[in-house]
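Chains, contacts and geometry: an overview
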Amino acid sequence: MRISKMCGWTKNLFLIAAAGCLLAMTGCAGLQGLLGFGGGGPTQPPMTATISFCDMVTSNCQSNAGTFTASGTQGVNIAVKWQNTPLGNHTQQIQLLMPDGNFYQEFQAGFLIDSASNGQASITRAIPIAGTFITQRKLLGTWKVQVLLDGAVVNTANLHLN
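The structure presented is a predicted model; accordingly, all values stated were derived computationally and were not measured. (Residues numbered from 1 in each chain as written. Predicted model: local features only at pLDDT ≥ 70, side-chain atom pairs only at ≥ 80, totals over all residues. Heavy atoms only, no water.)

1. Focus on the overall build of the protein
A count of helices and strands for the protein gives 2 helices and 8 strands. Helices (α) and strands (β) of the protein occur, in sequence order from the N terminus, as α-β-β-β-β-β-β-α-β-β. Relative to its full complement of 162 residues, the protein shows a buried share of 30%. Here the analysis covers contacts within the protein between residues at least 6 apart in sequence; of these, 59% occur between residues at least 24 apart. Total accessible area computed for the protein in this model is approximately 10,200 Å², and 57% of it derives from carbon and sulfur atoms. (Helix = DSSP H or I, 4+ residues; strand = E, 2+ residues; numbered from the N terminus. Buried < 20%, exposed > 50% of the residue type's maximum accessible area, 1.4 Å probe, protein only. Contact = heavy atoms within 4.5 Å. Areas by Shrake-Rupley, 256 points an atom, 1.4 Å probe, with all protein chains shown as cover.)

2. Quick look at the nonpolar core
Core analysis: the biggest nonpolar cluster contains 28 residues, and Phe 53, Ile 78, Trp 82, Leu 96 and Trp 143 have the highest contact counts within it. At the level of elements, strand 1 (48–55), strand 3 (75–83), strand 4 (88–97), strand 5 (103–113), strand 6 (121–128), strand 7 (141–149) and strand 8 (152–161) are the ones that each hand at least two residues to this core. Sequence-distant contacts of Trp 143, defined by excluding residues within four places in its chain, comprise Leu 96, Leu 97, Met 98, Pro 99, Tyr 104, Ile 134, Ala 157, Asn 158, Leu 159 and Leu 161. (Core = buried A, V, L, I, M, F, W, Y, C linked by side-chain atoms within 4.5 Å.)

3. What about the sheet that holds strand 2 (residues 67–68)?
Pairing in this open sheet of 5 strands is mixed, and the strands run 2-8-7-4-5 from one edge to the other. Each edge of the sheet is formed by a strand with only one pairing partner; in this case those strands are strand 2 and strand 5. (Pairing = 2+ DSSP bridges.)

4. Digging into the pairing of strand 3
Counting buried positions along strand 3 yields 7 of 9 residues, so the element is predominantly enclosed. Two strands pair when backbone bridges link them, and strand 1 and strand 3 are joined in this way by 8 bridges, in the antiparallel orientation. Bridging from a neighbouring strand, Ala 49 pairs with Trp 82 of strand 3. Of the strand pairs in this sheet, strand 3 and strand 6 are connected by 8 bridges, and their pairing is antiparallel. Across the sheet, Asn 77 pairs through a bridge with Ala 126, a residue of strand 6.

5. Observations concerning the side chain of Gln 92
Mapped onto the fold, Gln 92 is located in strand 4. The class of Gln 92 is buried, set by a relative accessible area of 2%. There is a polar contact of 2.8 Å between the side chain of Gln 92 and the side chain of Trp 82. For Gln 92, the residues in contact, after removing those within four places along its chain, are Val 80, Trp 82, Phe 107, Gln 108, Ala 109, Phe 111, Ile 123, Val 147 and Leu 148. (Polar contact = N/O pair within 3.5 Å; in protein donor to acceptor, adjacent residues only side chain to side chain.)

6. Details of the environment of Thr 142
Turning to its location among the elements, Thr 142 is positioned in strand 7. Overall, the relative accessible area of 36% leaves Thr 142 in the partly exposed class. When the C-alpha positions of Thr 142 and Gly 66 are compared, they lie 9.5 Å apart, and in sequence the two are 76 residues distant. Sequence-distant contacts of Thr 142, that is, excluding residues within four places in its chain, are made with Met 98, Pro 99, Asn 158, Leu 159 and His 160. At 2.9 Å, the side chain of Thr 142 and the side chain of His 160 are in polar contact.

Just distances and angles here, no functional claims.
So this is what it looks like as structure tokens:
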């Protein structure tokens, strides 16, 4: 009888030690999941920034694949559509990198995500092409467009100027 009590006591001590280790490694949510109670709330979908391009002189501009003829393009609109963005004030940055990889220009815009916006925002920035350094120096090829939120890169896309 004494042996069975000792085994029960040892078993309980082992379970307590194992639960403590799990709690230390995964936090309360891991322990709750293992024990089958609590937690398990809905997970927030990841934040996304969709980048699209269109000719800036076109009314009701529709996005395209990002290919333009530099000599025939007044400018390009870069549209960024944000989804599942956290609440609060944010700064969007659009960075343009030339075909050789060097930095060309950065544009910033501030915006607010409140509970009424449902985590969504759309920001469009016009980039002049005709008559700029781009056409004067014939900086043709594939440009890299980086979109940052509060200083962190969220998405990149290619802009082709022929």
